Amino acid sequence: MAHDTDEVDRIVGAWVTQRPDLDFSPLEVLSRVDRLSRHLDRARKDAFRRSDLESWEWDVLSALRRAGEPFQLSPKQLLQQTLVSSGTMTNRIDRLYDRGLVRREADPDDGRSILVTLTTDGRTRVDAAITRLVDAEAVLLDELSRSDRDRLAGLLRKLSLGFDL
């Protein structure tokens, strides 16, 4: 069976020749992760653009969509899910409101607070974007069988659990 080589193999091969004293196995893994990340970033930007969404809009709208009916969260809950500052979140909610993608409602449990709710248009856009995103990401993984995908996901999960994400 022929062994397929990629650009990382060529780079590592050159380094091994120059520095045979080093273990280049981290580069073999993480250089590929980095290259795949760039392809993923392009695929995501394209999926969001085709749904007329910026990536920050996707972050907020998808958090609301994942919350389930009635697709509503407090600004504090949105902050926890998107990891931005309070001022940034206020600005984002305002901009999404201006686009008609969310509405603000008084929190029935706390009259001083608001709840942010996905509008029908917001839901339509986020549903279109997630469909496009899943399709685009599936293309990136075409070379892998389901069991290979599951094994890779497990290995990446094991690796990522070591970091505060």
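Here the structure is a predicted model, which is why all the values come from computation and not from measurement.

Let us look at the overall build of the chain. If you tally the helices and strands in the chain, you get 7 helices and 3 strands. Along the chain, from the amino end to the carboxyl end, the secondary structure elements read α-α-α-β-α-α-β-β-α-α. For 165 residues, the compact-globule formula gives about 15 Å, and the C-alpha radius of gyration of the chain, at 21 Å, lies well above that figure. Dimensions along the principal axes, computed over C-alpha positions, put the chain at roughly 70 × 30 × 25 Å.

Glancing now at the layout of surface pockets. What the largest pocket holds in volume is close to 990 Å³. Along its surface, the largest pocket is lined by 26 residues, and Leu 36, Leu 141, Leu 144, Leu 152 and Leu 156 are the ones closest to its centre. Within the residue set of the lining of the largest pocket, elements represented by two or more residues are helix 2 (25–50), helix 6 (120–140) and helix 7 (146–160). With 11 residues, helix 7 is the single largest residue contributor to the lining of the largest pocket. Considering only residue class, the lining of the largest pocket consists of 14 nonpolar, 2 polar and 10 charged. The calculated volume of the second largest pocket comes to roughly 250 Å³. Of all elements in the fold, only helix 1 (7–18) and helix 2 reach the threshold of two or more residues within the lining of the second largest pocket. In terms of residue class, the lining of the second largest pocket is built from 2 nonpolar, 1 polar and 6 charged.

Next up on the list: the packing of aromatic side chains. In total, this model carries 2 aromatic pairs according to the counting rule given. Summarising the aromatic geometry, the rings of Trp 15 and Phe 24 are spaced 6.2 Å apart at their centres and angled 20° between planes, so their arrangement reads as stacked. For Trp 15, a relative accessible area of 43% corresponds to the partly exposed category. Their ring planes at 25° and their centres at 5.0 Å tell us that Phe 48 and Trp 58 sit as a pair that is stacked. Here the residue Phe 48 occupies a position in helix 2, and Trp 58 occupies one in helix 3 (residues 55–66), the gap between them amounting to 10 residues. Just above the ring of Tyr 97 sits the side chain of Arg 104; from NZ or CZ to the centre is 4.3 Å.

This brings us to the pattern of salt bridges. Here the structure, examined in full by the defined rule, presents 19 salt bridges. Between Arg 99 and Glu 57 there is a salt bridge, with its nearest N and O atoms 2.7 Å apart. With Arg 99 in the loop between helix 5 (86–98) and strand 2 (102–107) and Glu 57 in helix 3, the pair connects residues that are 42 residues apart, well separated along the chain. Three or more residues are tied together by salt bridges with common partners; here these are Asp 52, Glu 57, Arg 99, Asp 121 and Arg 125.

A separate point is the UniProt feature "domain: HTH marR-type" (unreviewed entry) in the chain. Per the UniProt annotation, the sites labelled "domain: HTH marR-type" (unreviewed entry) are residues 26–161. Structurally, residues 26–161 is divided into 69% helix and 12% strand, and its ends, taken at the C-alpha atoms, are 17 Å apart.

On to the nonpolar core, then. One recurring pattern in soluble globular proteins is that nonpolar side chains are buried together. In terms of nonpolar packing, the biggest core is built from 22 residues, with Leu 61, Leu 64, Leu 78 and Leu 96 touching the most fellow members. Counting residues per element, this core draws most heavily on helix 3, which supplies 6 residues. A domain split of this core shows at least three residues from each of domain 1 (7–16 + 25–50 + 127–162) and domain 2 (55–119). When residues no more than four places from it in sequence are discounted, the contact partners of Leu 78 are Val 60, Ala 63, Leu 64, Leu 73, Met 89, Ile 93 and Val 116.

How each quantity is defined
The residue count restarts for each chain, going from 1 along the sequence in the order it is written. Restriction of local features to residues with pLDDT of at least 70 applies here, the model being predicted, together with a cutoff of 80 or more for giving and counting side-chain atom pairs; totals for whole chains, interfaces and linings are based on all residues. Note: side-chain values were computed over all heavy atoms of the structure, leaving out hydrogens and water. The secondary structure listing takes helices from DSSP runs of H or I that are at least 4 residues long and strands from runs of E that are at least 2 residues long, numbered from the N terminus. We compute the radius of gyration from the C-alpha atoms alone; for a globule the expected value is 2.2 Å times N to the 0.38, where N is the number of residues. Grid points spaced at 1 Å over the protein atoms alone were grouped into cavities, where a 1.4 Å probe fits but cannot get out, and pockets, open sets with protein on both sides within 12 Å along at least five of seven lines, with lining residues defined by an atom within 4 Å of a point. Grid points are joined across faces, edges and corners, and a volume is the space filled by probe spheres set on the points. Only Asp, Glu, Lys and Arg are considered charged, only Ala, Val, Leu, Ile, Met, Phe, Trp, Tyr, Cys and Pro nonpolar, and every remaining residue, Gly among them, polar. Ring pairs are drawn from Phe, Tyr and Trp, using the six-membered ring of Trp, whenever the two centres fall within 6.5 Å, and their geometry is named by plane angle: stacked under 30 degrees, edge-to-face over 60, tilted for the rest. Here the term buried applies to any residue with accessible area under 20% of the maximum for its type, exposed to any over 50%, and partly exposed to those in between, with areas from a 1.4 Å probe on protein chains only. A ring is scored as having a charge over it whenever the NZ atom of a lysine or the CZ atom of an arginine sits within 6 Å of its centre and within 35 degrees of its normal. Whenever Lys or Arg places a side-chain nitrogen within 4 Å of a carboxyl oxygen from Asp or Glu, that contact is recorded as a salt bridge. UniProt positions are given in the numbering used here, feature names are shortened, and annotations may be inferred rather than shown by experiment. Among buried residues, the Ala, Val, Leu, Ile, Met, Phe, Trp, Tyr and Cys ones that are joined through side-chain atoms within 4.5 Å form a nonpolar core. An automatic or database domain assignment supplies the start and end points of every domain. Two residues qualify as a contact provided that any one of their heavy atoms is within 4.5 Å of a heavy atom in the partner residue.

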